[in-house]
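Listed below are the residues making up each chain.
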2 protein chains.
Amino acid sequence: MSQFNSLSVTELNELHQTLQEKYNAFKGQGLKLDMSRGKPSSQQLDLSNGMLDVLTSEDSQKAADGTDVRNYGGLDGLPETKQFFAEILEVRPEEIIIGGNSSLNMMHDTIARALFHGVPGSEKPWSALPKVKFLCPSPGYDRHFAICELFNIEMIIVDVTEEGPDMDLVEKLVKEDEAIKGIWCVPKYSNPEGITYSDEVVDRLAKMETKAIDFRIFWDDAYTIHHLTDTPDQLKNILSTCKEVGTEDRVFIFTSTSKVTFAGSGIGVMAASETNIKYTQKLLSFQTIGPDKINQLRHLKFFKNQENLAEHMRKHAELIKPKFDIVLNTLEAELAGSGIASWKKPNGGYFISFNTLEGCAKKVVSMAKEAGVTLTGAGATFPYGKDPEDRNIRIAPTFPSLEELQKAVDVFCLCVKIASIEKLIAEQ
Amino acid sequence: MSQFNSLSVTELNELHQTLQEKYNAFKGQGLKLDMSRGKPSSQQLDLSNGMLDVLTSEDSQKAADGTDVRNYGGLDGLPETKQFFAEILEVRPEEIIIGGNSSLNMMHDTIARALFHGVPGSEKPWSALPKVKFLCPSPGYDRHFAICELFNIEMIIVDVTEEGPDMDLVEKLVKEDEAIKGIWCVPKYSNPEGITYSDEVVDRLAKMETKAIDFRIFWDDAYTIHHLTDTPDQLKNILSTCKEVGTEDRVFIFTSTSKVTFAGSGIGVMAASETNIKYTQKLLSFQTIGPDKINQLRHLKFFKNQENLAEHMRKHAELIKPKFDIVLNTLEAELAGSGIASWKKPNGGYFISFNTLEGCAKKVVSMAKEAGVTLTGAGATFPYGKDPEDRNIRIAPTFPSLEELQKAVDVFCLCVKIASIEKLIAEQ
């Protein structure tokens, strides 16, 4: 495909007319397609239906230590649940807290607790400080940024490179500014970039000098086992890296089975140093009697071991990979070499991060919406919902069927082309 | 039985020796009995085992509106779950938020949100005020008081009468003091007193003039359907009472199925005016994607309607009532007319509230502990864990077997007598 910016205004206008006709044809179809959220498809959910059968009234409702999972207790999870997730996150069971159905809720609460009470090492609760700031590698996860906004935590954008956040900038900022108390990281198959942090980035995050003595990395390892290929990305263990350099209290790790078993009925987990865990357990004991242990036992009986879990994730990949391929192949066919777009090819996770020409993302999203294709709001991947260059669009291909997805991405490519042409014409 | 205080020192000493011998005999038995927490027995939990079978892989996993309960969504609950709990709490579905497995968690979060953001009508977030105070009808629920302590909310003790909190004092305090932002209430079969608020108390709570414009009643209706008799206590509907007098934003209502189905795997609920609910929904959307919808559907399929729920609660009562009877009959046989103790006879709920002579509760609890009988810590039913008269002991009879319970209450009565005699001798 020829570069769009090498075309004359006349050629652009002609092309615009052809594309607009195609677009109008789509609009006439009354489509209702959704590529907005990282939702599993029903075929993916079917993979876990067996979990609905593993704990009936005929089965023992006892945990390994004899605990009746139907009764109160177990503030931070059953021992075997901790063991299971410790293996996934490559930490020790003592470094685990099992939560309810939402790791997002655990992140929110961890920040709320830090604001009210501080974290181990804090001189004061964070809310007692004149200002609290977080570094926000962007594009990133809108719900992370929303938590900061909710609590009036100032967000500072940091670019995301192929290797993770721009560490030169991160190191500079955290060394200088005591108000910077944290950084949001989705370190593996990141949302939405799909990149995995390099060993060097992990090392530098662990080692870096922070002006705040109670700085925390919020390490949302949501996609840790969500591979799309047989040669998964390798993420260096942040907790053990921190231990090596004596900063083990620096990191809060989170993950969940929301995209492993049932979204909304999975298990949320956090991991951290024993000091952080004990501190959190104590505050947690005021919040709740404990998470749902029956659901924990269901997960354990369904998976039994890490091998079965890995096999289960391969089945997810079998369903998801063709969807990523449809999007990536169509983008390639329609937009490669056009000079109006760029995108990432992730090895895992739930998203494809797409960049338009500067100033076109909002236009593309609203055009797609008008034609019945819902995308994540433009800007959502940046703090305060504002993409400074209005370029980034997060594509979530997992939920629609293959057929729907093909149509949705066709519409999307059309919208990208039309919006780009309009920008190029306006600039002539 | 003769009044203990009519006995001479010699008689008291003789009695003390006899009782002490019996006590020592119990101590030699190596008992391990627990009357400390309001935990359902395993027989009670068995009543809900059918809930483990109603939603298998063979069943539809769709809600009435077609929602796939296995996927994300449903921030505040499925429509039919709201409907079901609206019927229980006698409110409208629009006045309901369905939570996770813990109503305590919802109460904690409601206070945390009020501190961070205020409630509808607040001029400022509560945490921006120099001081926040709560009225704490006592004896009351230790976990309510613990939440206040966690957030540095000053607690003011208010006596509990047969009709509810001492309303003369409540009205006086809330009218005078702007810092008083809330009151904890367990209005039905209260924890631990077992009393139900009279219509007049409900009316006065709804009507009373509060200096704080954003005063809130935390109405923990935990035992709303937990009757022990066929002639249950009737609690006047606080929300509709508030509506009648124009104070509908004054109340947050909470309940759960923790003691209906599975403790730890039940459903927590809050109810309030639509203004409060919409405000809460908005803040909630930052905290979580939503509660476990599969567990909601399980509950709905298990109960189907209010009649089945009522029948289910009758089966609970059949298991619980004999346990209350053992405790009450033994207290009657051993301590009635002794002048050293008083207690309540509740028509529902989970507790029997017991008062020793002033200054004896701690002693009784520690003696019982030494003999292998665990009771709720003395003082736990008061703010800061301090019973100003050291009298109140909460007896939780539901968890032990009938046999264990008889032994436990025998030990308990012995401890009460011995501690009382020691007090009476010391006072001679």
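This is a predicted model, so every value here is computed, not measured.

> Honestly, the overall build of chain A in this entry has me stumped. Any pointers?
The helix and strand tally for chain A stands at 13 helices and 13 strands. Along the first, second and third principal axes, the C-alpha atoms of chain A reach 75 × 60 × 35 Å. Looking at chain A as a whole, 54% of its 428 residues qualify as buried. Residue pairs at least 24 apart in sequence account for 76% of intrachain contacts in chain A once pairs closer than 6 positions are excluded.

> Could you clarify how one ought to interpret the environment of Phe26 of chain B in this entry?
Inspection of the secondary structure assignment puts Phe26 of chain B in helix H1 (residues 9-27). Judged by C-beta crowding, with 20 C-beta atoms within 10 Å, Phe26 of chain B ranks as buried.

> I keep staring at helix H1 (residues 9-28) of chain A and nothing clicks. Help me out?
An α-helical segment advances 3.6 residues per turn. Residues three or four places apart therefore align on the same side. With 20 residues, H1 of chain A should cover 28 Å at 1.5 Å per step; its first-to-last C-alpha distance of 28 Å lies within 8% of that length. Among the residues trailing H1 of chain A, Gly30 of chain A stands out with phi positive, at a value near 60°.

> Looking at this structure, how should I read the domain arrangement of chain A?
The extent of an interface is frequently quoted as the accessible surface area lost upon association of the parts. Residues and elements named next belong to chain A. By domain assignment, chain A separates into domain 1 (4-44 + 310-427) and domain 2 (64-304). Taken residue by residue, the interface counts 24 residues in domain 1 and 28 residues in domain 2. Of all elements in the fold, only helix H11 (306-335), strand E11 (352-356) and strand E13 (392-395) reach the threshold of two or more residues within the side of domain 1 that touches domain 2. Take the side of domain 1 that touches domain 2: its biggest share by element is six residues, from H11. Grouping the amino acids of the side of domain 1 that touches domain 2 by side-chain chemistry returns 13 nonpolar, seven polar and four charged.

> Sorry if this is basic, but what is going on with the sheet that holds strand E6 (residues 180-185) of chain A here?
Residue and element names in this part refer to chain A. Taken in spatial order, the eight strands make up an open sheet running E2-E9-E8-E7-E6-E3-E4-E5, and their pairing is mixed. Each edge of the open sheet is held by one strand with a lone partner, namely strand E2 (96-98) and strand E5 (164-165). Direction of pairing for strand E8 (residues 251-256) relative to strand E9 (residues 268-271): antiparallel, over a ladder of four bridges. Bridge pairing in E9 places Ile253 opposite Ala271.

> Where do I start with unusual backbone geometry in this structure?
Peptide bonds are, in most cases, trans, and in most cases residues other than glycine have a negative phi. Here Ser138 of chain B and Pro139 of chain B are connected by a cis peptide whose omega angle stands at 5°. Relative to the elements of secondary structure, Pro139 of chain B occurs in the loop between strand E3 (133-138) and helix H5 (142-150). Notably, Tyr189 of chain A is not glycine yet its phi reads approximately 45°, a positive angle. Secondary-structure assignment places Tyr189 of chain A in the loop between E6 and helix H7 (199-207). Although it is not a glycine, Asn152 of chain B adopts a positive phi angle of roughly 60°. Classification of Asn152 of chain B as exposed rests on a count of 12 C-beta atoms within 10 Å.

> So what exactly am I meant to see when it comes to the sheet that holds E13 of chain A here?
Strand-to-strand pairing in sheets goes through backbone hydrogen bonds, with the strands running parallel or antiparallel. Residue and element names in this part refer to chain A. Read across the sheet, three strands follow the order E10-E11-E13 without closing on themselves; strand pairing throughout is antiparallel. In this open sheet, the two strands that pair with only one neighbour each are strand E10 (341-343) and E13. If you compare each strand with its neighbour and ignore which way they point, the axes differ by 25° on average. Pairing of E11 with E13 involves four bridges; the strand directions are antiparallel.

> I tried to follow the packing of helix H11 (residues 306-335) of chain B against helix H13 (residues 402-427) of chain B on my own but got confused; where do I start?
Each pair of packed helices gets described by two things: the angle between the helix axes and the distance between those axes. All names here are of chain B. In contact at an axis separation of 10 Å, H11 and H13 are set at 30° when each is read in the N-to-C sense. Considering the angle they form, H11 stands roughly parallel to H13. With respect to the hand of their crossing, H11 and H13 are arranged in right-handed fashion. Along its contact with H11, which presents Pro322, Lys323, Ile326, Val327, Thr330, Leu331, Glu334 and Leu335, the element H13 presents Leu402, Leu405, Gln406, Val409, Asp410, Cys413 and Val416.

> Hey, could you run me through the relation of the copies chain A and chain B in this one?
What connects the two chain copies is a rotation about an axis and a shift along it. In screw terms, the move from chain A to chain B is a rotation of 180° and a rise of 0.0 Å along the axis, fitting with an RMSD of 0.1 Å. Such a combination of rotation and displacement between the chain copies is what one expects of a two-fold axis. When you check the interface residues of chain A against chain B, 98% turn up at the interface there too, and the contact is symmetric in its surfaces.

> I'm lost on the nonpolar core in this one. Help?
Across soluble globular proteins, nonpolar side chains show a tendency to be buried alongside one another. Among the nonpolar cores identified, the biggest contains 246 residues, and Ile253 of chain A together with Ile253 of chain B are the most heavily contacted of them. With residues up to four places along the chain from it excluded, the contact list for Ile253 of chain B reads Leu89, Trp219, Asp221, Ile238, Leu239, Met270, Ala271 and Ala272 of chain B.

> Help me understand the interface of chain A and chain B, please; the structure alone is not making it clear to me.
If you look at the interface, chain A gives 43 residues, while chain B gives 42 residues. Going through the elements one at a time, helix H2 (42-46), helix H4 (103-117), helix H5 (142-150), helix H9 (274-287) and helix H10 (293-303) of chain A are the ones with two or more residues in the side of chain A that touches chain B. Ranked by residues supplied to the side of chain A that touches chain B, first place goes to H4 of chain A with five residues. Of the residues in the side of chain A that touches chain B, the class split is 18 nonpolar, 18 polar and seven charged.

> Teacher, can you tell me more about H11 of chain A here?
Residue and element names in this part refer to chain A. The end-to-end C-alpha separation of H11 is 40 Å, in line with the 44 Å expected for 30 residues at 1.5 Å each. At Leu319, H11 shows its largest kink, close to 30°, and the proline Pro322 lies no more than four residues downstream. Of all the residues in H11, the buried ones are Leu309, Met313, His316, Ile320, Lys323, Phe324, Val327, Leu331 and Leu335. Buried residues in H11 make contact with H2, H10, E10, E11, E13 and helix H13 (402-427).

> Mind showing me how you'd approach the pairing of strand E4 (residues 154-161) of chain B here?
In the case of a regular strand, side chains alternate between the two sheet surfaces. Residue and element names in this part refer to chain B. By the bridge criterion, six bridges tie E3 to E4 in an arrangement that is parallel. Opposite Cys136, over in E4, you have Ile157 as the bridge partner. Taken together, E3, H5 and E4 form a β-α-β motif whose crossover is right-handed. Taken together, the two bridges between E4 and strand E5 (residues 164-165) define a ladder with antiparallel strand orientation. When the sheet's bridge partners are listed, Thr161 is paired in E5 with Gly164. Taking the residues that link successive antiparallel strands as the turn, the E4-E5 hairpin has two residues.

> So what exactly am I meant to see when it comes to the environment of Asn49 of chain B here?
Here Asn49 of chain B lies in the loop between helix H2 (42-46) and helix H3 (79-89). Residues Asn49 of chain B and Glu193 of chain B lie 144 residues apart in sequence; the distance between their C-alpha atoms is 30 Å.

> Is there a simple way to explain the pairing of strand E11 (residues 352-356) of chain B in this structure?
Residues and elements named next belong to chain B. Along E11, four of the five residues are buried, which leaves the element largely enclosed by surrounding structure. By the bridge criterion, three bridges tie strand E10 (residues 341-343) to E11 in an arrangement that is antiparallel. Paired with Ser342 across the strands is Asn355, a residue of E11.

> How do you make sense of the packing of H1 of chain B against H13 of chain B when you look at a structure like this?
Residues and elements named next belong to chain B. Where H1 contacts H13, the two axes come as close as 9 Å, and the packing angle between them is 150°. The crossing of H1 and H13 is left-handed. Across the interface between the two elements, Val9, Leu12, Asn13, Leu15, His16, Leu19, Gln20, Lys22, Tyr23 and Phe26 from H1 touch Val411, Leu414, Lys417, Ile418, Ile421, Leu424 and Ile425 from H13. Of the residues assigned to the contact of H1 with H13, the class counts are twelve nonpolar, three polar and two charged.

> Please explain the environment of Tyr279 of chain B as it appears in this structure.
Inspection of the secondary structure puts Tyr279 of chain B in helix H9 (residues 274-287). If we ignore the near neighbours within four places in the chain, the residues touching Tyr279 of chain B are Val119 and Pro120 of chain B.

Rules behind the numbers
Residues numbered from 1 in each chain as written. Chains lettered and ligands numbered in written order. Predicted model: local features only at pLDDT ≥ 70, side-chain atom pairs only at ≥ 80, totals over all residues. Helix = DSSP H or I, 4+ residues; strand = E, 2+ residues; numbered from the N terminus. Buried ≥ 20, exposed ≤ 12 C-beta atoms within 10 Å, placed from the backbone. Contact = placed C-beta atoms within 7 Å. Expected span 1.5 Å × (residues − 1). Domains from an automatic or database assignment. Nonpolar A, V, L, I, M, F, W, Y, C, P; charged D, E, K, R; others polar. Pairing = 2+ DSSP bridges. Axes fitted to C-alpha atoms, helices over the stretch in contact; angles between N-to-C directions. Parallel < 35°, antiparallel > 145°, perpendicular 65-115°, else oblique. Left-handed = near helix turned anticlockwise from the far one by under 90°. Least-squares fit on C-alpha atoms with pLDDT ≥ 70 in both. Core = buried A, V, L, I, M, F, W, Y, C linked by C-beta atoms within 7 Å. Bend = angle between axes of the 7 residues up to and from the residue. Right-handed = clockwise from strand over helix to strand, strands pointing away.

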